[in-house]
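Chain by chain, the residues:
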Amino acid sequence: MLTVITYSCNVKSNDFEKKYLDVKSNFPYHFVGHFPNSVWSTNAMYSVDTSTSLNNIAFFFEVVAPPKFYLDSVRGVLGKKSIAVYRANDPTLFVVNKFTTKDNYRNYYKYPDNYEFDLPDTIYNKIPVPNFFRSPYSQLNTPSRLDSTFTLYTLECEKGVHWDEYHVQKENYMPEYWKHGYSKGVAISEEKQVVIFWFICW
C-alpha cells in the first residue's frame, strides 16, 4: 500500500500547523526531534510517505525564506553536530531508492528487482541520504534530486531495524550491508533560502 501525502501553505495557517504537528507526532521523537516544533513561516510544506512497498518510510518538512538569523543559526548548529556533510550534486552520493522520480514513484512494479550498483568504490564510505524527488526544487540531473546550491547535513544514520512497525517490506532496494537503517538531517540552500528537514527509514 502506498500512502503519500503532501501539504503546503503560503500564508500563516493554524490548520496547517496542526496537521503538520499531528503527522510529526506519529513518528518516534528520536527520529524527528530535530524538526521544528511550530510553523512560523508563511511558506512551508511537508511530505510523508508511510508506504512499506518501497522499503522507504519518509517525512520531510520544507521551509522557504526563513529569517536570516534562523538560517545562520541552523547552519551553525549543523556544522557542529553533523556526522557527514555532502553537496547535493556529489556524483558519489549513496541515495536511498536512487531510481525514484516524480514520474515513476507510484509505479513501483516497474522498479528494479534489487539495488543496482554502477558507482565508484568510494560509495562504500558514504552515508545514505534521501532521494528528494518530492521537493519543489527537485531535478533529475543530480543523485539526490536537489540542485547544486543545497548542502546535506546528516545528523544521524544507523544500520539495522529501528522501527518494528514498518519492518514488513517485501522488496529490498538496498545492498545487504545497508539492507535496513535510518537517516535524519537537514538540507540547506542559502542561495534559494530553503531549509528541508528529513527523516527516512528503510
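Structure: above.
Quick notes on the rules
- Residues numbered from 1 in each chain as written.
- Predicted model: local features only at pLDDT ≥ 70, side-chain atom pairs only at ≥ 80, totals over all residues.
- Heavy atoms only, no water.
- Buried < 20%, exposed > 50% of the residue type's maximum accessible area, 1.4 Å probe, protein only.
- Helix = DSSP H or I, 4+ residues; strand = E, 2+ residues; numbered from the N terminus.
- Phe/Tyr/Trp six-rings, centres within 6.5 Å; stacked < 30°, edge-to-face > 60°.
- Lys NZ or Arg CZ within 6 Å of the ring centre and 35° of its normal.
- Core = buried A, V, L, I, M, F, W, Y, C linked by side-chain atoms within 4.5 Å.
- Contact = heavy atoms within 4.5 Å.
- Expected span 1.5 Å × (residues − 1).
- Arc of directions from axis to C-beta.
- Salt bridge = Lys/Arg side-chain N within 4 Å of Asp/Glu carboxyl O.

A. Quick look at the pairing of strand β2 (residues 44-49). In terms of burial, β2 is largely enclosed, as six of its six residues are buried. Alternating residues of β2 divide into Ala 44, Tyr 46 and Val 48 and Met 45, Ser 47 and Asp 49, and every residue in both groups is buried.

B. Seen up close, the packing of aromatic side chains. Applying the stated criterion to the full structure yields 16 aromatic pairs. By way of ring pairs, the aromatic residues Phe 16, Tyr 20, Phe 27, Phe 31, Phe 35, Tyr 46, Phe 59, Phe 61, Tyr 182, Phe 197 and Phe 199 are connected into one cluster. In this arrangement the basic side chain of Lys 159 is found over the ring face of Trp 178, its NZ or CZ atom lying 5.3 Å from the centre.

C. Structural view of the nonpolar core. Counting 29 residues, the largest nonpolar core has Phe 27, Phe 35, Phe 59, Phe 61, Ile 188 and Phe 199 as the members making the most contacts within it. Leaving out residues up to four positions away in the same chain, Ile 188 has contacts with Leu 71, Val 74, Arg 75, Leu 78, Thr 149, Phe 150, Thr 151, Tyr 153, Val 194 and Val 195. If you look at the next biggest cluster of nonpolar residues, it comprises 25 residues, including Ala 58, Val 64, Leu 93 and Ile 200.

D. Broad picture of unusual backbone geometry. Phi at Ala 65 is positive, roughly 55°, even though this residue is not glycine. Tracing the chain through its elements places Ala 65 in the loop between β3 (57-64) and α3 (68-81). For Arg 145, which is not glycine, the phi dihedral falls at a positive 75°. The topology assignment puts Arg 145 in the loop between β4 (84-87) and β5 (150-159).

E. Highlighting helix α1 (residues 14-25). In this model α1 runs 16 Å from its N-terminal to its C-terminal C-alpha over 12 residues, within 8% of the 16 Å that 1.5 Å per residue would give. Residues of α1 that are buried: Phe 16, Glu 17, Tyr 20, Val 23 and Lys 24. Along α1, the residues classed as buried sweep out an arc of 130° about the axis, all on the same side. Away from its buried face, by an angle of more than 90 degrees, α1 presents the exposed residues Asn 14, Lys 18 and Ser 25.

F. Up close: the pattern of salt bridges. Scanning the entire structure with this criterion turns up nine salt bridges. The closest approach of N and O atoms between Lys 68 and Asp 72, which form a salt bridge, is 2.7 Å. In this pair, Lys 68 and Asp 72 both sit in helix α3, four residues apart, roughly one turn of the helix. The class for Lys 68 is exposed, based on a relative accessible area of 59%. Residues joined in a network through salt bridges with shared partners are Lys 68, Asp 72, Arg 75 and Glu 190.

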